[in-house]
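# What the coordinates show
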Amino acid sequence: MAKRLMPKKQLEGVGLTLTGACVLLVALVVITLIFMVAQQGLSAFFVDGINFFSFISGTSWVPSDGVYGALPLIVTSFGVMLLATLFTLPIALGSAIFVVEVQPGFGRRVFQPLVELLMGIPSVVYGLIGLTVVNAAMRAIFGDAAGTGAGILSGGIVLAVMILPTVTTLSIDGLAAVPNEYREGSYALGCTRWQTVWHVVLRSAMPSLMTAVILGMTRAFGEALAVQMVIGGVEKVMPAGLLSPAATLTTALTSGFSNATTGSIQYHALWALGLLLMAMSLVFILIIHVIGAKGAKNRD
Amino acid sequence: MTPTAGECSTLLYTKDVTVKYDYMHEALHPTSLSFDAGTVTALIGPSGCGKSTYLRCLNLMNREIPRCVVEGEIHYHDHDVNTPDENLFELRKSIGMVFQQPTPFRKSIRENILFAPKRHGRIKNRAEADELVETSLRQAALWDEVKDKLNQSGFGLSGGQQQRLCIARTLAMKPDVVLFDEPCSALDPISTYSIEETIRSIASTGICCIIVTHNMEQATRVSDRTAFFYVGNMVETGTTKQIFSAPNDQRLADYLSGRFG
Ligand SMILES: Nc1ncnc2c1ncn2[C@@H]1O[C@H](COP(=O)(O)OP(=O)(O)O)[C@@H](O)[C@H]1O
Ligand SMILES: [Mg+2]
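Quantities reported herein were computed from a predicted structural model and do not represent experimental measurements.

### Considering the environment of A:Phe284
Residues and elements named next belong to chain A. On the secondary structure map, Phe284 appears in helix α12 (residues 265-299). For the pair Phe284 and Met217, spaced 67 residues apart in sequence, the C-alpha separation works out to 8.3 Å. Leave out the neighbours within four places in its chain, and Phe284 touches Met81, Ile214, Thr218 and Phe221.

Structural data, given as structure tokens:
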């Protein structure tokens with residue numbers, strides 16, 4: 001063996017310093033990020049004197065008139081997220097069951113790579129397709145009631161397609177991770193394949209399935225570009241129904257920043273929206289952690 | 001062996017059963033054995049000799065394995081069940097199976113027991129359910145340890161308790177045959193002892209128990225009859241006493257003296 005470049009002890013020191021520095025850097029970025037968003041967002045309340053309560057519960061968002069009620073944005077954000085989950089969940093679960101329990105050969109070789117391909121498509125492409133296909137379909141189905149076709153329902157559908165690959169792939173992994181012994185244990189009790197899938201496999205995979213769904217929801221909640229293209233995104237009051245155009249927290253942010261001057265009330269109010277988004281994402285992540293910890297505890 | 005009429009009743013027997021994996025690899029050559037109600041039969045032999053393969057024929061579990069072919073006759077209550085139109089879900093309600101790895105379901109202890117009876121529509125009311133849970137757990141010698149935590153997850157139990165929960169779950173279906181595939185391999189000696197006791201006691205209620213084991217002391221402790229498997233063949237069978245004290249076959253004698261396996 002060639003002579004060492006450095007004594008072993010010193011080499012270990014270098015490794016420790018390098019990896020430690022990486023950790024420090026990441027931690028620093030995270031902390032700076034949170035600090036910056038919090039500082040800018042909170043100044044809407046503490047410097048500009050917007051009332052926090054009316055910010056959360058106010059029902060109209062017209063920054064040009066100095067009216068900052070974020071409730072319509074919050075409602076729309078949750079609305080499209082829940083719609084997307086509602087559309088995606090049965091399809092993702094159904095195909096995951098097919099891939100793992102019914103046709104593993106076809107599923108693993110053909111279906112899964114196909115789904116993973118969907119994951120790589122940029123969101124602007126989803127937006128474009130949504131704009132031309134989904135909005136047109138809305139007009140065709142609902143006629144005048146749909147207006148231009150842009151609205152909460154269109155946003156939900158486009159988001160559903162966007163999160164489908166993530167939820168499906170994670171569900172497949174979750175089901176595949178259930179040990180075969182559980183299935184045999186159920187067969188040995190005279191249960192049919194369907195009873196086994198429904199009562200044993202899905203039940204065992206529950207924590208990973210929940211994680212899959214919540215990750216999908218987080219993505220749907222935070223997506224801005226594709227939603228903005230299909231949802232209308234100019235409305236300033238509470239949405240009247242699934243077909244009415246609306247704005248989400250994210251679309252209000254992206255469309256608002258172009259005409260907000262740095263340091264103005266409007267500017268800070270937008271940061272406050274960002275803070276709200278971040279806080280909610282944090283809640284999602286926390287839920288995932290709680291589920292993960294509970295799953296680990298139940299395993300043995 | 002020729003069971004004398006009236007003395008004991010043959011519940012289950014196989015005639016020239018063979019098993020092929022992947023349509024061609026014959027892992028089990030023609031095997032004929034019979035099993036009586038209320039007895040324990042041990043299947044012994046070096047690992048990979050086809051014990052599990054044979055055991056899994058008896059409740060048609062091998063049908064769950066793709067490209068696996070089971071040929072020959074498997075008579076249960078004097079009726080050949082190895083036919084394409086046999087309802088294997090019905091069959092498995094009365095031929096239970098316990099595996100090497102304890103696999104409680106992600107449910108409470110109570111729901112683990114009631115899972116299969118509920119699926120098969122056997123539970124009419126709460127009182128019936130309570131009674132079934134208690135008798136099954138008592139039969140598996142687990143009742144005293146878990147009676148205060150029936151609604152807790154089965155995952156919270158120790159390995160030995162989990163295995164006894166799996167036995168209780170099987171007994172809740174009121175089977176007349178229970179197959180055990182190395183039920184103690186993953187357990188400590190004390191749990192092993194308690195499972196052996198359980199097997200003896202359920203056999204004394206008239207259930208036919210068949211246990212695969214690579215532990216020869218276990219076979220002598222727990223079984224009435226023993227069958228020795230070697231490279232896909234059932235080489236010798238007889239009373240456990242005879243097999244261990246006066247083996248006829250040279251391979252069995254070598255195996256018992258620890259020369260291989
Ligand atoms: N699912 C399977 N597919 C293919 N071959 C198998 C399968 N299960 C067992 N075998 C083969 O059959 C033979 C007997 O295995 P097994 O019955 O599990 O042995 P034992 O239980 O006595 O240790 C082994 O050679 C094993 O490799
Ligand atoms: Mg085996």
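### Points about the interface of chain B and chain A
With 25 residues of chain B in contact, the opposing surface of chain A contributes 22 residues. Approximately 2,200 Å² of surface area, both sides summed, lies buried where chain B meets chain A, with 61% of it carried by carbon and sulfur atoms. It is B:Arg106, B:Arg119 and B:Phe155 in chain B that bury the most area against chain A; as a group they hold 33% of the surface buried on that side. The interface formed by chain B and chain A includes six residue pairs in polar contact (both at pLDDT 80 or more). At the level of elements, α2 (88-94), β5 (95-98), α3 (109-119) and α6 (159-171) of chain B are the ones that each hand at least two residues to the side of chain B that touches chain A. Tallied by class, residues from the side of chain B that touches chain A come to eleven nonpolar, six polar and eight charged.

### Describing the site of ligand 1
All names here are of chain B. Near ligand 1 you find Tyr21, Ala27, Ser47, Gly48, Cys49, Gly50, Lys51, Ser52, Thr53 and Ile65, and these make up its full shell. Contact distances for ligand 1 include 2.6 Å between an oxygen atom and a backbone N or O atom of Gly48. At a separation of 2.6 Å, an oxygen atom of ligand 1 approaches a polar side-chain atom of Ser52. Protein coverage of the free-state accessible area of ligand 1, which is 560 Å², stands at 62%. The greatest single-element share of the shell around ligand 1, amounting to three residues, is contributed by helix α1 (residues 51-58). In the shell around ligand 1, the residues fall into four nonpolar, five polar and one charged.

### Section: a nonpolar patch on the surface
All names here are of chain A. Together, Leu25, Val26, Val29, Val30, Ile31, Leu33 and Ile34 make up a nonpolar patch on the protein surface, roughly 650 Å² of accessible area in all. When you line up the elements, Val26 lands in helix α1 (residues 8-46). With a relative accessible area of 53%, Val26 lands in the exposed category.

### Some points on the sheet that holds strand β1 (residues 10-21) of chain B
Residues and elements named next belong to chain B. Spatial ordering of the open sheet is given by β2-β1-β4, a layout of three strands whose pairing is antiparallel. Here the strands that pair on one side only, and so sit at the sheet edges, are β2 (25-36) and β4 (69-76). With direction set aside, neighbouring strand axes in the sheet form an average angle of 0°. Packing of α1 onto the sheet brings it into contact with β1, β2 and β4, and relative to β1 it is tilted by some 125°.

### Remarks on unusual backbone geometry
Residue and element names in this part refer to chain B. A positive phi angle, close to 60°, is found at Asp78, a residue other than glycine. With respect to the helices and strands, the residue Asp78 is situated in the loop between β4 and α2. At Val231, a position not held by glycine, the phi torsion is positive, near 40°.

### Comments concerning the packing of aromatic side chains
If you walk through the whole model with that rule in mind, you get 16 aromatic pairs over all chains. Measuring from centroid to centroid gives 5.7 Å for A:Trp194 and A:Trp198, while their planes differ by 25°, and the two rings are stacked. Placement of both A:Trp194 and A:Trp198 in helix α8 (residues 193-204) is noted, with a separation of four residues, approximately one turn of the helix. For A:Trp198, a relative accessible area of 47% translates into the label partly exposed. Ring centres of A:Phe221 and A:Phe284 lie 5.6 Å apart, and the angle between their planes is 75°; on these two criteria the pair is classed as edge-to-face. Taken together, the residues A:Phe221 in helix α9 (residues 206-222) and A:Phe284 in helix α12 connect sequence positions 63 residues apart. Judged by its relative accessible area of 2%, A:Phe221 is buried. An aromatic cluster is defined as three or more aromatic residues linked by ring pairs; in this entry it consists of A:Phe45, A:Phe52, A:Phe55, A:Trp61 and A:Tyr68. When the ring centre of B:Phe105 is taken as reference, the NZ or CZ atom of B:Arg169 above it lies at 4.0 Å.

Parameters at a glance
- Residues numbered from 1 in each chain as written.
- Chains lettered and ligands numbered in written order.
- Predicted model: local features only at pLDDT ≥ 70, side-chain atom pairs only at ≥ 80, totals over all residues.
- Heavy atoms only, no water.
- Helix = DSSP H or I, 4+ residues; strand = E, 2+ residues; numbered from the N terminus.
- Contact = heavy atoms within 4.5 Å.
- Buried area = accessible area lost by both parts, 1.4 Å probe.
- Polar contact = N/O pair within 3.5 Å; in protein donor to acceptor, adjacent residues only side chain to side chain.
- Nonpolar A, V, L, I, M, F, W, Y, C, P; charged D, E, K, R; others polar.
- Near = heavy atom within 4 Å.
- Areas by Shrake-Rupley, 256 points an atom, 1.4 Å probe, with all protein chains shown as cover.
- Patch = residues over 30% accessible without salt bridge, like charges linked within 9 Å, V, L, I, M, F, W, Y side chains within 5 Å.
- Salt bridge = Lys/Arg side-chain N within 4 Å of Asp/Glu carboxyl O.
- Buried < 20%, exposed > 50% of the residue type's maximum accessible area, 1.4 Å probe, protein only.
- Pairing = 2+ DSSP bridges.
- Axes fitted to C-alpha atoms, helices over the stretch in contact; angles between N-to-C directions.
- Phe/Tyr/Trp six-rings, centres within 6.5 Å; stacked < 30°, edge-to-face > 60°.
- Lys NZ or Arg CZ within 6 Å of the ring centre and 35° of its normal.

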